[in-house]
Structures are given as structure tokens and as C-alpha cells.
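Now for the letters of each chain:
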Amino acid sequence: YAFFRRWRDHGLVKEFHDRLRAEVREKLGRDAEPSAGVIDSQSVRADAVVGADSRGFDGGKLVNGRKRHVVVDTLGLLLGVMVTAADTGDRAAAQVLLERVADAHHRLALIWADGGYTGSLVEYCLAALALVLAIVKRSDDMRGFVVLPKRWIVERFFAHLMRTRRLVRDFERRTTSAEAMVYWSMILLMTRRLPRPRPQPA
């Protein structure tokens, strides 16, 4: 834990992650820096060690715990994560998260989002961050579970997180530790995605 805390507090976990993400993108023939992404949030139940100061109740999902707000690129690789109490509104958290992501990724110009991000956030992103926030909505005639364009990318990302045992619930006392665990999960995914060099015949 001492090593984890040191790497977390000095930003090394995120640095490892970001270097791997750039390498994965380049291996797939993409620019190291993305130009488009997808934003969404996921509410997860919190363990008993999570204090009342960083947990809340998400009335829509009926979850008592924390919420992970994420931005991913079009390959489903993480660009930014912010962990808050589950009762934090998506638009309020998105404003802070998108500021961080836009500051770190200068080529980013387009973000897809669901109907929960409508309103003044769209105008704010365009005016303050030079980001186009494109809302992908369900049409009125859709019934049941429907995979929407671009939205499946972030849903696949959340499915990956749920395959990481430490992230099925939020077990971290600090939100910074919870964010670092999301980065670690993606580090494991990207190291598996990077093609291993084949041994050369003697």
C-alpha cells in the first residue's frame, strides 16, 4: 500500500496509464492524442469503509455509494475519470471533468453524451472549452434495451471495469484511490492489448 499511495499521490499511476494509452493508439494506427470521445457516469455501491462525506444516494439507479464519471476515446480507452458521491449531478461533474480532459488533450474537439448532459452544459463546452458536446438520444419509438451510436463504447468500458474484482464495489476510503484503481484496471487491459513481438527464427 505504501508504494500505491506514493504512486497515486505523485501522479505516477496516471502517467503510466497515459503513456500506455498513447502507445496502444499508435499501434492501432491512430494519433497518440484523440480528437473525439464519449462521456458517461456509473453509480456503484460503496463499502462500509466509505465515509458519509464522499457517498450519496443515486435516486435514478437506486444506488447508495459513489459515481464514476469518465471520458473515453473512440477506442474505449480512458481519457479522464472523476469519482464523486452518487448523488452528484452528471452535468455538474461533467463541467469539472471536461475542463481537465480538454486541458490535457488539446486535439479533443467532439464529445458524445446521453440526454443527461443537455442544457447549459452544451453551450458552456462550446464557449469555454471549444468542445462540441453532441447529445445522442433515444427516439420515442425505441422500446427496451437499445444500443445507441457511440454510446456502446463507454458501456463496453464500464463492462470491463465490472470484470475487475476491486471495482465491482467501491472499497476505497479516498476518492483519489478509487480513481487510481480505475487507471490500474485500464493499465491491465492495455498491456494485454499491446501485441507481443514474435520471436525471430534463429
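Residues numbered from 1 in each chain as written. Predicted model: local features only at pLDDT ≥ 70, side-chain atom pairs only at ≥ 80, totals over all residues. Heavy atoms only, no water.

### Let's talk about the nonpolar core
- Counting 31 residues, the largest nonpolar core has V70, V72, L78, V81, F157 and V182 as its most contacted members.
- Of all elements in the fold, only α2 (12-27), β1 (36-45), β3 (63-73), β4 (78-85), α5 (151-162) and α6 (175-193) reach the threshold of two or more residues within this core.
- In terms of residue count, α6 provides more of this core than any other element does, nine residues in total.
- If near-sequence neighbours (up to four positions away) are discounted, V81 is found in contact with H69, V70, L97, R100, E179, V182 and Y183.
- Core analysis: the second largest hydrophobic core is formed by 19 residues, V101, A113, C125 and L131 among them. (Core = buried A, V, L, I, M, F, W, Y, C linked by side-chain atoms within 4.5 Å. Buried < 20%, exposed > 50% of the residue type's maximum accessible area, 1.4 Å probe, protein only. Helix = DSSP H or I, 4+ residues; strand = E, 2+ residues; numbered from the N terminus. Contact = heavy atoms within 4.5 Å.)

### Digging into the confidence of the model for the chain
- On average, residues of the chain score 91 in pLDDT, and 91% of them are at 70 or above.
- Looking across the chain, the model is least confident in helix α1 (residues 2-9), with a mean pLDDT of 91, and most confident in β4, with 98. (pLDDT = per-residue confidence, 0-100.)

### Some thoughts on the packing of aromatic side chains
- Following the criterion strictly, the structure yields five aromatic pairs and no others.
- Seen from their ring centres, W7 and W184 are 6.1 Å apart, and the 40 degrees between their planes marks the pair as tilted. Separated by 177 residues along the polypeptide, W7 in helix α1 and W184 in helix α6 bring together distant segments of the chain.
- When its relative accessible area of 31% is taken as the criterion, W7 is described as partly exposed.
- By relative accessible area, W184 is classed as partly exposed at 26%.
- Among the aromatic residues, ring-to-ring pairing joins F3, W7, F16 and W184 into one connected group.
- Positioned above the aromatic ring of F3, the side-chain terminus of R6 is 5.2 Å from the ring centre. (Phe/Tyr/Trp six-rings, centres within 6.5 Å; stacked < 30°, edge-to-face > 60°. Lys NZ or Arg CZ within 6 Å of the ring centre and 35° of its normal.)

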